[in-house]
Amino acid sequence: MEGWDPNTKSTLTQIPLLSTKAGPRDGAAWTQRLKEEYKSLIAYTAMNKSNDNDWFRISAADPAGTRWTGKCWYVHNLLKYEFDLQFDIPVTYPSTAPEIELPQLDGKTHKMYRGGKICLTVHFKPLWAKNCPRFGIAHALCLGLAPWLAAEIPILVDSGMVKHKDDAASASES
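Residues numbered from 1 in each chain as written. Predicted model: local features only at pLDDT ≥ 70, side-chain atom pairs only at ≥ 80, totals over all residues. Heavy atoms only, no water.

> Explain the UniProt feature "active site" (unreviewed entry) in the chain to me, please; I cannot follow it from the model alone.
Taking the UniProt record as the reference, the feature "active site" (unreviewed entry) is found at C119. Apart from the residues within four sequence positions on either side, C119 is in contact with K111, M112, Y113 and W148. (UniProt positions renumbered as here; feature names shortened; annotations may be inferred. Contact = heavy atoms within 4.5 Å.)

Put into structure tokens, the structure is as follows:
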């Protein structure tokens with residue numbers, strides 16, 4: 001954690017670490033891992049709300065907890081930009097991090113793969129590998145998606161690639 005800003009360090013230390021190394025094919029161990037994932041996500045969400053930094057909603061889209069969907073948002077120039085968020089838990093999880101997708105942004109930036117998967121290879125994947133199995137979904141959102149949004153959304157908005165929903169609505173009315 002050398003070189004990290006104090007806010008990131010503080011946030012990361014407050015997200016509970018996970019202990020069960022299990023993936024979707026591991027039966028009861030996966031159920032235990034899911035409980036740990038939910039505990040970590042609840043703690044991270046509560047911390048964000050208490051710091052007035054609420055920026056995502058997410059839930060399992062299937063009973064097995066292998067598909068997750070939700071919304072994330074980023075505020076730029078006092079305007080809130082909201083995006084659909086989704087990912088599948090890989091069968092090799094937690095050794096392999098989930099590939100977070102923002103389908104609405106597919107093809108709008110070079111820091112994204114086909115299907116709207118955000119690029120996390122250079123900075124996040126080595127960190128994930130080093131901290132496996134202690135990192136989970138909350139950590140992927142905190143250290144993967146949050147910095148990606150902070151880096152990319154202002155550029156996409158300023159370049160006109162992403163429009164605010166009010167701008168898009170007024171343009172279609174004229």
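Here the narrative resumes.
> Mind showing me how you'd approach helix α2 (residues 28-50) here?
Given a rise of 1.5 Å per residue, 23 residues ought to cover 33 Å, and the 33 Å separating the end C-alpha atoms of α2 matches this to within 8%. Among the residues making up α2, those that are buried are W30, R33, L34, E36, E37, S40, L41, Y44, M47 and N48. Those residues of α2 that are buried lie in contact with α1 (6-14), β1 (56-60), β2 (67-76) and α4 (137-158). At the exit of α2 stands D52, carrying a positive phi of roughly 55 degrees. (Helix = DSSP H or I, 4+ residues; strand = E, 2+ residues; numbered from the N terminus. Expected span 1.5 Å × (residues − 1). Buried < 20%, exposed > 50% of the residue type's maximum accessible area, 1.4 Å probe, protein only.)

> Honestly, the pairing of β1 in this entry has me stumped. Any pointers?
In regular strands, side chains alternate between the two faces of the sheet. As paired elements, β1 and β2 share 5 bridges and run antiparallel to each other. For R57, the partnering residue across the bridge sits in β2 and is K71. Two successive antiparallel strands, β1 and β2, enclose a turn made up of 6 residues, where G65 displays a positive phi of approximately 70 degrees. (Pairing = 2+ DSSP bridges.)

> I keep staring at the packing of aromatic side chains and nothing clicks. Help me out?
When we look at a pair of aromatic rings, we describe it by the centre distance and by the angle of the planes. As enumerated under the stated definition, the model contains 8 aromatic pairs in all. With a centroid separation of 6.3 Å and 5 degrees between ring planes, the pair formed by W68 and F87 is classed as stacked. Of this pair, W68 sits in strand β2 while F87 sits in strand β3 (residues 79-88), placing them 19 residues apart in sequence. W68 gets classed as buried once you look at its relative accessible area, which sits at 0%. Members of the aromatic cluster, each reached through a chain of ring pairs, are W30, Y93, F124, W128 and F135. Here the guanidinium or amino end of K80 rests over the ring plane of W73, the centre of that ring lying 4.5 Å away. (Phe/Tyr/Trp six-rings, centres within 6.5 Å; stacked < 30°, edge-to-face > 60°. Lys NZ or Arg CZ within 6 Å of the ring centre and 35° of its normal.)

> What's the story with the pattern of salt bridges in this structure? I'm lost.
Between side chains of opposite charge, pairing is possible as soon as their charged atoms come close. According to the stated counting rule, one finds 7 salt bridges in the structure shown. Across the pair D88 and R67 runs a salt bridge, and its minimum N-O distance is 2.9 Å. Here D88, found in strand β3, pairs with R67, found in strand β2; they are 21 residues apart in sequence, far enough to count as distant. A residue is classified by how much of its surface remains accessible, and R67, at 25% relative accessible area, is partly exposed. (Salt bridge = Lys/Arg side-chain N within 4 Å of Asp/Glu carboxyl O.)

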